[in-house]
Amino acid sequence: VPTAFVTVSLLNLRSGPSTHFEILGMVELGTALPIIGQDKNWPEWWQVDYNGQRGWIFAPLVETAGPMNQVPKLSAPLPSPSGNRPVNWGIRPIAL
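Residues numbered from 1 in each chain as written. Predicted model: local features only at pLDDT ≥ 70, side-chain atom pairs only at ≥ 80, totals over all residues. Heavy atoms only, no water.

A.B. asks: Tell me about the overall build of the protein chain, and name the residues and values.
C.D. replies: Looking only at helices and strands, the protein chain features 0 helices and 8 strands. Each helix (α) and strand (β) of the protein chain, taken in turn from the N terminus, gives the series β-β-β-β-β-β-β-β. Here the protein chain holds 96 residues, and 40% of them are scored as buried. Taking the intrachain contacts of the protein chain between residues at least 6 apart in sequence as the baseline, contacts between residues at least 24 apart amount to 58%. (Helix = DSSP H or I, 4+ residues; strand = E, 2+ residues; numbered from the N terminus. Buried < 20%, exposed > 50% of the residue type's maximum accessible area, 1.4 Å probe, protein only. Contact = heavy atoms within 4.5 Å.)

In structure tokens, the structure reads:
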């Protein structure tokens, strides 16, 4: 399974592949996150599974392992025009 290992103290988990998307939660140093997708337009962001929830993380802040060529290519949502609220695409907030 392609996996991302968090290499910073706290990593933002976002609802989409950009800092313009809502922060769903924070993930601690050393956490292993299964990588479930990547958008070809946002190659520096990985979609991951965190405790059963999907979210996006910034790739330069993790180390990856596993068969990365098996990561599915996705079509991620675009940020809303305001830049303050993400497009709702079915992600629920994560209870930390």
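Let us keep going from here.
A.B. asks: Pulling in residues and values, what's your account of the side chain of serine 18?
C.D. replies: The residue serine 18 is located in the loop between β2 (10–14) and β3 (23–28) in this model. Among the residues examined, serine 18 registers a relative accessible area of 5% and is labelled buried. Of note is the side chain of serine 18, whose polar atom sits 3.1 Å from the backbone nitrogen of histidine 20. Sequence-distant contacts of serine 18, defined by excluding residues within four places in its chain, comprise Trp42 and Trp45. (Polar contact = N/O pair within 3.5 Å; in protein donor to acceptor, adjacent residues only side chain to side chain.)

A.B. asks: Outline the pairing of strand β5 (residues 42–50), supporting the account with residue identities and numerical values.
C.D. replies: Here 3 bridges tie strand β4 (residues 32–39) to β5, and the two strands are oriented antiparallel to one another. By the bridge assignment, glycine 37 is partnered in β5 with glutamine 47. Here β4 hands over to β5 after 2 residues, the two strands then running antiparallel side by side. Sheet topology note: the β5/strand β6 (residues 53–58) ladder contains 6 bridges and is antiparallel. In the sheet register, valine 48 faces β6, and the bridge partner there is glycine 55. Joining the antiparallel neighbours β5 and β6 is a turn of 2 residues, in which asparagine 51 adopts a positive phi near 55 degrees. (Pairing = 2+ DSSP bridges.)

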